[in-house]
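# A structural walkthrough
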Amino acid sequence: MELVFAIVLVVIVLLTCAGTSVSSDDRLLVNMTVVRSAAAAGAYCLDGSLPAYHIHRGFGAGARNWLLQFEGGGWCNDIESCAERAKTRRGSTTLMNKLETFSGILSDDPFRNPDFYNWNRVKLRYCDGGSFAGDAKFDNGTLVLFFRGQRIWQAIIKDLLPKGLRFANKALLSGCSAGGLAAYLHCNNFTTYLPDTTTVKCLGDAGFFLDSPDITMNHTQRSFFQHLVTLQGIEQNLDENCTTSLSDPKQCIFPQYLLKYITPPVFVLNSAYDVYQFHHILVPPSADPRGRWNRCKLNPKQCLPNQITILQAFRVEMLTALRSLVFYPNRGGTFINSCFAHCQSESQDTWLAPDSPQMYNETIAESVGDWYFGRNLSIKVDCAYPCDTTCHNLIGADTTDYHL
């Protein structure tokens, strides 16, 4: 009887230390935590539901270290699209899966995530459609939409502080796509919640969206972001040093203009041929009504010589925007590979696996770890397509829901 009791006790302790989670098919599934206190701060998802996150507790040497990962999922920049989004998991926590898979940078396996496996790892669920940065409300008497991303960010942080975040030794703020953009936008603010002794760094995965004209020389993404900033009241939450330096403060939502004002060290993880940017910034549907780029979008081997030239020029534009990191490596780190990909930190096969993408014989996980812990300078820029044979290309798949 005592042996049975001891076994049960050990199981309970292990589950308590790890946080509320279950294992299924070698996957780590972590339960959702709803932020009940958010209502008092008016921190609501688009549909008025309460924000949420998933936490898996750290242990051992990582017990006082924290990794916060913003979920991605695109944006909505007008009432119609936001109203539709509010009816989906992208705008309501009531429609989200209550169990979330933690893999890649969120994994608890030391062989799959050697530098962060034993940290407190948190995934912030995305339900505001504005990269956790807005503070506005729409109410016409029949439809109410909450653009409260900034308040959601603050409510989640305040919920985590008494759970140990306030005592963090090390902290990494990261995110994928729209969540990667959020990591850039909130990097400075993150430091204000933590002790001066905390080592704070930030990682943007597929979040370095360029202010670049499309193939018809229209600034499609600039226009999209301007409408987003206006609708969701984001401008007031953009970095003040950046907004006062530009004639159009809304431009500070683009990381290329914000980067030099971010104080903590930053790691930029991006593909030079990011699939989302290729399909929606460089060649959006509005710029290619006759579908002349369709075959190239489905398979880069089908691209015409002039299309390859345009793609190579887009790569150069990204590297130019990153010159402050590439040429001054003490400011941060980069892993800019030449894959047709989007988001590479949350998937195990791209983060760290036997066949995961590499540059100079290092995986993404190894490069990020070297940068965070100061083991080595980590400035990696790939040669131009098609030289990289380690890529996991997403080309040919539906790019409308790549954790944008």
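As the structure is a prediction and not an experimental result, all values here were calculated from the model. (Residues numbered from 1 in each chain as written. Predicted model: local features only at pLDDT ≥ 70, side-chain atom pairs only at ≥ 80, totals over all residues. Heavy atoms only, no water.)

The next subject is the overall build of the protein. Across its full length, the protein holds 13 helices and 15 strands. By the compact-globule yardstick of 22 Å for 404 residues, the protein fits well, its C-alpha radius of gyration being 21 Å. Expressed along its principal axes, the backbone C-alpha trace of the protein runs to roughly 75 × 60 × 40 Å. For the protein, long-range pairs separated by at least 24 residues make up 75% of all intrachain contacts whose partners lie at least 6 apart in sequence. Counting every atom, the protein has about 17100 Å² of accessible surface; 54% of that belongs to carbon and sulfur. Across the protein, the mean location of the 34 positive side-chain charges is 2 Å away from that of the 37 negative side-chain charges. (Helix = DSSP H or I, 4+ residues; strand = E, 2+ residues; numbered from the N terminus. Rg over C-alpha atoms; globule rule 2.2 N^0.38 Å. Contact = heavy atoms within 4.5 Å. Areas by Shrake-Rupley, 256 points an atom, 1.4 Å probe, with all protein chains shown as cover. Lys, Arg positive; Asp, Glu negative; His and termini not counted. Charge placed at Lys NZ, Arg CZ, Asp CG, Glu CD.)

Summed over all chains, the structure comprises eight disulfides. For Cys296, the disulfide goes to Cys303, at an S-S distance of 1.9 Å. On the sign convention where negative means left-handed, the S-S torsion of about 80° between Cys296 and Cys303 marks this disulfide as right-handed. Residue class for Cys303 comes out buried when judged on its relative accessible area of 12%. (Disulfide = S-S within 2.5 Å. Buried < 20%, exposed > 50% of the residue type's maximum accessible area, 1.4 Å probe, protein only.)

Below, the discussion takes up the pairing of strand S8 (residues 144-147). Strand residues, when the strand is regular, have side chains that alternate between the two faces of the sheet. Strand direction decides the pairing type here: strand S7 (residues 136-139) and S8, joined by four bridges, are antiparallel. Residue pairing for S8: Ala136 is matched across the bridge by Phe147. (Pairing = 2+ DSSP bridges.)

As paired elements, strand S2 (residues 27-34) and strand S5 (residues 99-102) share four bridges and run antiparallel to each other. Of the residues in S5, the one forming a bridge with Leu28 is Phe102. In the sheet, S2 pairs with strand S3 (residues 52-56) via three bridges, with the strands oriented antiparallel. Bridge pairing in S3 places Thr33 opposite Tyr53.

So, on to the environment of Arg166. Residue position: Arg166 is located in the loop between helix H3 (149-160) and strand S9 (170-176). Expressed as a C-alpha distance, the spacing of Arg166 and Thr198, which sit 32 residues apart in the sequence, is 9.4 Å. If we ignore the near neighbours within four places in the chain, the residues touching Arg166 are Leu161 and Pro195.

This paragraph deals with the packing of helix H8 (residues 275-282) against helix H10 (residues 305-321). As a packed pair, H8 and H10 sit with axes 12 Å apart at the nearest point and diverge in direction by 105°. The angle between H8 and H10 falls in the class roughly perpendicular. Of H10, the residues touching H8 (which contributes Gln277, Phe278, Ile281 and Leu282) are Ile310, Leu311, Phe314 and Met318. Considered class by class, the residues forming the contact of H8 with H10 number seven nonpolar, one polar and no charged. (Axes fitted to C-alpha atoms, helices over the stretch in contact; angles between N-to-C directions. Parallel < 35°, antiparallel > 145°, perpendicular 65-115°, else oblique. Nonpolar A, V, L, I, M, F, W, Y, C, P; charged D, E, K, R; others polar.)

As a packed pair, H3 and helix H4 (residues 178-191) sit with axes 12 Å apart at the nearest point and diverge in direction by 40°. Compared by their axis directions, H3 and H4 come out oblique. As for how H3 packs across H4, the hand of that crossing is right-handed. Each of Gln150, Trp153 and Ile157 in H3 lies in contact with H4, whose residues at this interface are His186, Asn189 and Phe190. By residue class, the composition of the contact of H3 with H4 is three nonpolar, three polar and no charged. (Left-handed = near helix turned anticlockwise from the far one by under 90°.)

Here the focus is the confidence of the model for the protein. Across the protein, the average pLDDT comes to 92, with 91% of residues at or above 70. Taken as a whole, residues 1-19 scores under 50 in pLDDT and shows nine contacts with residues more than four places along the chain or in a different chain. Under a pLDDT of 50 for its full length, residues 396-403 has, in the predicted model, 20 contacts with residues more than four places off or in other chains. (pLDDT = per-residue confidence, 0-100.)

So, on to helix H5 (residues 220-232). In this model H5 runs 18 Å from its N-terminal to its C-terminal C-alpha over 13 residues, within 8% of the 18 Å that 1.5 Å per residue would give. Of all the positions in H5, only Gln221, Phe225, Leu228, Val229 and Gln232 are classed as buried. Axial view of H5: buried residues confined to an arc of 95°, hence all on one face. Among the structural elements, helix H2 (79-85), S7, S8, H4 and H8 are those in contact with the buried residues of H5. Within two residues after H5, Gly233 carries a phi angle of roughly 65°, on the positive side. (Expected span 1.5 Å × (residues − 1). Arc of directions from axis to C-beta.)

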